[in-house]
Amino acid sequence: MTASTPHTEACNCDSKPGMPNHGVYNQLNNIEFNLHPQSLLERGDVDTTWDHHPIDQGSCGSCYSASMVYQLEARTAIALRKMGISSMIDLSTEAPMACGWTNQACAGGYPALVGKHMEEFGVSLAECEPYTAGGSKCNVECYSKPENVMYAQNSGYLGGAYGKCSAASIMMEIYAHGPITAALEVPSDMSIRRIIGP
């Protein structure tokens, strides 16, 4: 891609024959989507009763943990719903920050590493390890009872590696399995602009 290539060309590269995700793009074209909000609520596999309200993160940079925990909660609820079980789980956003050694608690972290933590160590229920905006130590007692811990079956990047994702693979993943987590890297001066203006 050259500097003169329009942004829309980069976003629509899946539609071009021979591109890595062209097959996924073709699969999406065979699915009938009606994204009008009312039609989504009328679908038999949509149940918003399990949806959680966002947490107040305070001054803690815990979005990486909150988003991955929400993703696991939502995907679990969707999977249960497909089995005819309407249930909601409430997992601990605090646990990956307090118990994970690969992230920096309130100083930020990487969703992919939280996913790996959930796969290898699991995440405890929120009632056992409530959110304190990074002010707690890992409560190992929460992990002593298997019924208090939820595991991710697998984790990783869509496309197999960082930067290998595409619009088509994102849409297909959401359609097939539910919410995904996306991380944005913004320029460091973005926070300064927010404070002092343009």
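Everything that follows concerns the structure shown earlier in this document.
What counts and what doesn't
- Residues numbered from 1 in each chain as written.
- Predicted model: local features only at pLDDT ≥ 70, side-chain atom pairs only at ≥ 80, totals over all residues.
- Heavy atoms only, no water.
- Helix = DSSP H or I, 4+ residues; strand = E, 2+ residues; numbered from the N terminus.
- Buried < 20%, exposed > 50% of the residue type's maximum accessible area, 1.4 Å probe, protein only.
- Contact = heavy atoms within 4.5 Å.
- Core = buried A, V, L, I, M, F, W, Y, C linked by side-chain atoms within 4.5 Å.

Q: Describe the overall build of the chain, with residues and values.
A: Within the chain, the secondary structure is distributed over eight helices and two strands. Along the chain, helices (α) and strands (β) appear in the sequence α-α-α-α-α-α-β-β-α-α when read from the amino end. Burial statistics for the chain: of 198 residues in total, 28% are counted as buried. Taking all contacts inside the chain whose residues are at least 6 apart in sequence as the whole, residues at least 24 apart take part in 70%.

Q: Describe the nonpolar core, listing the residues and the values that go with them.
A: Val69, Leu72, Leu91, Val114, Met118 and Val123 are the most contacted members of the largest nonpolar core, which has 14 residues in total. Where this core is concerned, the elements lending two or more residues are helix H4 (63-82), helix H5 (94-99) and helix H6 (111-120). The element best represented in this core is H4, accounting for four residues. Each residue touching Leu91, except ones within four places of it in the same chain, is listed here: Val69, Leu72, Glu73, Val123, Ser124, Leu125, Ala126 and Met150.

Q: Residue-level account of the environment of Glu94, with values.
A: Residue placement: Glu94 occurs in helix H5. For Glu94, a relative accessible area of 0% translates into the label buried. When residues no more than four places from it in sequence are discounted, the contact partners of Glu94 are Glu129, Pro130, Tyr131, Thr132, Ala133, Gly134, Gly135 and Ser136.

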